[in-house]
Amino acid sequence: MKQTFTHQSLNIEISPADDGSALQMIWGGKSNARSPLQILEPVFQEAQAYAAEAKLPLEMHFQDMEHFNSSTITALIALIQQLRDSKVQLRLHYNAALKWQKMSFDALKVFETPDGMLQIFGKGEA
Amino acid sequence: MSQDICFRIEAPIAPNWPNIELLRTSVLNCLASIFQDSSFCDSVSMITSELLENAVKYGDWDDSDHSFFKLRVSGGEDQVQVHVSNPVDAGSADLKSLLETVEQIGRFENPALAYQNRLKEIAERGEVGVSRLGLPRIAFEGNCDIKAEVVDGVLHIRTLSRN
């Protein structure tokens, strides 16, 4: 699986990691659609199906994101729930040097559970 | 407020979704020319866009004077106020919910708890189609006070962020 999803100023590169250890989704630009879930759900579903079939974790990288609205956070919560139900591990990576990313993703740690189905990593903290 | 720096941005807005991003980046760029702290600029521009999103989503755009839709960003080196005003239907469920959300945020010990509570509600109730996360996010990430009032059919929401 290797594809690029683009919607307005949002782009997501989807491909297996070089070492084959995960399916990666590299987010870039801005996610500020009125209903992000409607736009992202087909992308999420395809990635989820591929990861489940290949028995790979899904790894999302947000470090290059400029901005996302709160409705995008809601869409991510929906994804977290769906992946948990389908037993696909989700790893979220953010840029901890950006305060807005650190606050947004640290807050999502409320959904981390001891089984490690959701892991959130901040990199580059000063 | 400092007397050394004093600014005011005021714009009447058409209630179209693409205008939100145009104004967010305008505010971001304007503040970046004033403040050294890019995190503070990010925060105020996020507040601006979340308030404008609420206005476009929940304002009364059918039977109202659109000239009441305005954004004002003003302040000095210590603090910035974002004020969005838009026409509303005084009897709408959306307005009731919005005002309740502002009140609810104030009842929590701190904005982080209000935000976490809303995240959990969205997950537990499966409320993925209805976000209602913007105001808790503003209070938490923007670390600011939120005040809301309706005057003569116009909703005024004001936030105050300290640099």
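To start, this report covers the structure provided alongside it. All residue numbers refer to positions counted from 1 along the written sequence of the respective chain. Chains carry letters and ligands carry numbers; both start at the beginning, A for chains and 1 for ligands, and go up in the order they are written. Residue-level local features of this predicted model are given only where pLDDT is at least 70; pairs of side-chain atoms are given and counted only at 80 or more, and the full residue set underlies all totals for whole chains, interfaces and linings. The side-chain quantities take in all heavy atoms of the structure and omit both hydrogens and water.

### Some remarks on the interface of chain B and chain A
In step 1: Residue contacts follow a heavy-atom distance rule, with two residues in contact if any of their heavy atoms lie within 4.5 Å. Each partner contributes residues to the interface: chain B has 24 residues there, and chain A has 23 residues.
In step 2: In total, chain B and chain A occlude about 2200 Å² of area from one another, counting both sides; carbon and sulfur atoms represent 60% of this.
In step 3: Whenever Lys or Arg places a side-chain nitrogen within 4 Å of a carboxyl oxygen from Asp or Glu, that contact is recorded as a salt bridge. Between chain B and chain A we count 1 salt bridge in total.
In step 4: Glu21(B) serves as the salt-bridge partner of Lys30(A), at 2.9 Å between the closest nitrogen and oxygen.
In step 5: Under the scheme used here, helices are H or I runs from DSSP no shorter than 4 residues and strands are E runs no shorter than 2 residues, and both carry numbers assigned from the N terminus. Those elements giving two or more residues to the side of chain B that touches chain A turn out to be helix H1 (17-32), helix H2 (38-58), helix H4 (111-125) and helix H5 (134-141) of chain B.
In step 6: Looking at the side of chain B that touches chain A, the element that brings in the most residues is H2(B), giving 7 residues.
In step 7: Per-class residue counts for the side of chain B that touches chain A are 9 nonpolar, 5 polar and 10 charged. When two parts are put together, the accessible area they lose, computed with a 1.4 Å probe and summed over both, is reported as buried area. The classification used treats Ala, Val, Leu, Ile, Met, Phe, Trp, Tyr, Cys and Pro as nonpolar, Asp, Glu, Lys and Arg as charged, and all other residues, Gly among them, as polar.

### Notes on empty space enclosed by the protein
Once rolled over the atoms, a probe with the size of a water molecule shows which space is left empty.
In step 1: Computed over the protein atoms alone on a 1 Å grid, cavities are sets of points where a 1.4 Å probe fits but cannot get out and pockets are open sets with protein on both sides within 12 Å along at least five of seven lines; a residue lines them when it has an atom within 4 Å of a point. Grid points are joined across faces, edges and corners, and a volume is the space filled by probe spheres set on the points. One pass over the structure, following the stated rule, counts 5 cavities of 30 Å³ or more.
In step 2: Size it by volume and the largest cavity reaches roughly 130 Å³.
In step 3: Along the walls of the largest cavity sit 14 residues, with Asn54(B), Tyr58(B), Arg132(B), Leu133(B) and Gly134(B) positioned nearest its centre.
In step 4: Counting only elements with at least two residues in the lining of the largest cavity, the list comes to helix H2 (70-85) of chain A together with H2, helix H3 (93-107) and H5 of chain B.
In step 5: In terms of residue count, H2(B) provides more of the lining of the largest cavity than any other element does, 5 residues in total.
In step 6: When grouped by side-chain class, the residues that make up the lining of the largest cavity number 4 nonpolar, 6 polar and 4 charged.

### Regarding the layout of surface pockets
Residues and elements named next belong to chain B.
In step 1: In this model, the largest pocket occupies a volume close to 270 Å³.
In step 2: Forming the boundary of the largest pocket are 16 residues, of which Thr101, Gln104, Arg118, Glu121 and Arg132 lie nearest the centre.
In step 3: Among the elements of the structure, H3 and H4 are those that each provide at least two residues to the lining of the largest pocket.
In step 4: Per-element tally for the lining of the largest pocket: the top contributor is H3, with 6 residues.

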